[in-house]
Amino acid sequence: ASEWWSVTQTYCRSTAVMCMIGYIIGLGDRHLDNLLVEFTTGQVVHVDYNVCFEKGKSLRVPERVPFRMTQNIEAALGFTGVEGLFHISCEDILKILRRGRETLLTLLEAFVYDPLIDWTQSEEAAFPLAFRANTDMGARQTRKEMEWEVAEGMLITKLAESESQWHKNRENLCAALIALEKYLCDIASVSEYLLTFQDKIVKLDKEISILSEAINAPNHPLITTQDRLSEQSRLSAE
């Protein structure tokens, strides 16, 4: 029982991985000859990636489903079917792919400039349809327009990824500006306080200059002040 449970769990996760990756790259032609299963572990491996980037929609019988999920595949998922571990694994895989979308787009960008002949829709529309969301499948696009779409998509992706860092930098900058404003106010207060002391220092310098001059001159008025007061008092008394 434990071995069956382990194989079933591995099969669910492996199937979810291949289904989500196949959906992202537009993988088609998923008949049973292209699905390999390791029965001892439950691992699922897909082969033959010739029908890729939504080429299956242009076949004689168009493939309109996002990935293959027949009764046989669903029955092997266990009693919960697609609503159990398979559903949870698909959500987790898409979250991981979304976090690494920049790397994924960088890897797939090579097919824009050098697509395989089997993946081209025409001489001009060689861009994988998996990256043409919200566009008419019958519309023809030049290579320059497709390159512009890729560059625009990558720019939007990078801006979205850096948005949180920009918000964080804005918050840090606002906090630094508030602290700087406080420091400037403190400096202004200290400057005003120092200006009052500067006037006192100028006055004291003048007094020190007068005292130094009086010390060096014996007949300075400050030195003879006491004698003159005494003389004045004596004259007043007479």
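Attention here is on the structure that accompanies the text. (Residues numbered from 1 in each chain as written. Predicted model: local features only at pLDDT ≥ 70, side-chain atom pairs only at ≥ 80, totals over all residues. Heavy atoms only, no water.)

**Digging into the packing of helix H1 (residues 2-25) against helix H3 (residues 85-99)**
Stage number 1. Where H1 contacts H3, the two axes come as close as 8 Å, and the packing angle between them is 45 degrees. Taken together, the axis directions place H1 and H3 in an arrangement best described as oblique. The hand of the H1/H3 crossing is right-handed. Residues Gln9, Cys12, Arg13, Thr15, Ala16, Val17, Cys19, Met20 and Ile24 of H1 lie in contact with H3, whose contacting residues are Leu85, Phe86, Ser89, Cys90, Ile93, Leu94 and Leu97.
Stage number 2. When grouped by side-chain class, the residues that make up the contact of H1 with H3 number 12 nonpolar, 3 polar and 1 charged. (Axes fitted to C-alpha atoms, helices over the stretch in contact; angles between N-to-C directions. Helix = DSSP H or I, 4+ residues; strand = E, 2+ residues; numbered from the N terminus. Parallel < 35°, antiparallel > 145°, perpendicular 65-115°, else oblique. Left-handed = near helix turned anticlockwise from the far one by under 90°. Contact = heavy atoms within 4.5 Å. Nonpolar A, V, L, I, M, F, W, Y, C, P; charged D, E, K, R; others polar.)

**Section: the nonpolar core**
Stage number 1. Core analysis: the largest hydrophobic core is formed by 13 residues, its most contacted members being Tyr11, Ala16, Met20, Leu77, Phe86 and Cys90.
Stage number 2. Broken down by element, this core gets its largest block of residues, 5 residues, from H1.
Stage number 3. If we ignore the near neighbours within four places in the chain, the residues touching methionine 20 are Phe67, Cys90, Ile93 and Leu94.
Stage number 4. Among the nonpolar cores identified, the runner-up in size contains 5 residues, and Ile25, Cys52, Phe53 and Leu108 belong to it. (Core = buried A, V, L, I, M, F, W, Y, C linked by side-chain atoms within 4.5 Å. Buried < 20%, exposed > 50% of the residue type's maximum accessible area, 1.4 Å probe, protein only.)

**With respect to unusual backbone geometry**
Negative phi characterises most residues that are not glycine, and trans characterises most peptide bonds.
Stage number 1. Backbone geometry at aspartate 29 places phi at a positive 60 degrees, although glycine is not the residue there.
Stage number 2. You can see aspartate 29 is positioned in the loop between H1 and strand S1 (35-37).

**Notes on a nonpolar patch on the surface**
Stage number 1. There is a patch of nonpolar side chains on the surface, built from Leu173, Leu177, Leu180, Leu184 and Ile187 and spanning about 480 Å² of accessible area.
Stage number 2. Mapping leucine 177 onto the fold places it in helix H6 (residues 143-216).
Stage number 3. Residue class for leucine 177 comes out partly exposed when judged on its relative accessible area of 48%. (Patch = residues over 30% accessible without salt bridge, like charges linked within 9 Å, V, L, I, M, F, W, Y side chains within 5 Å. Areas by Shrake-Rupley, 256 points an atom, 1.4 Å probe, with all protein chains shown as cover. Salt bridge = Lys/Arg side-chain N within 4 Å of Asp/Glu carboxyl O.)

**As for H3**
Stage number 1. Given a rise of 1.5 Å per residue, 15 residues ought to cover 21 Å, and the 21 Å separating the end C-alpha atoms of H3 matches this to within 8%.
Stage number 2. Within the sequence span of H3, burial applies to Leu85, Phe86, Ser89, Cys90 and Ile93. Seen from one end, H3 has its buried residues packed into an arc of 130 degrees, which puts them on one side. Opposite the buried face of H3, by more than 90 degrees, sit the exposed residues Arg98 and Arg99. (Expected span 1.5 Å × (residues − 1). Arc of directions from axis to C-beta.)

**Some points on the side chain of threonine 15**
Stage number 1. Looking at the element boundaries, threonine 15 is found in helix H1.
Stage number 2. A distance of 2.7 Å separates the side chain of threonine 15 from the backbone oxygen of tyrosine 11, its partner in a polar contact.
Stage number 3. Those residues in contact with threonine 15 that lie beyond four places of it in its chain are Val44, Met69, Ile73 and Phe86. (Polar contact = N/O pair within 3.5 Å; in protein donor to acceptor, adjacent residues only side chain to side chain.)

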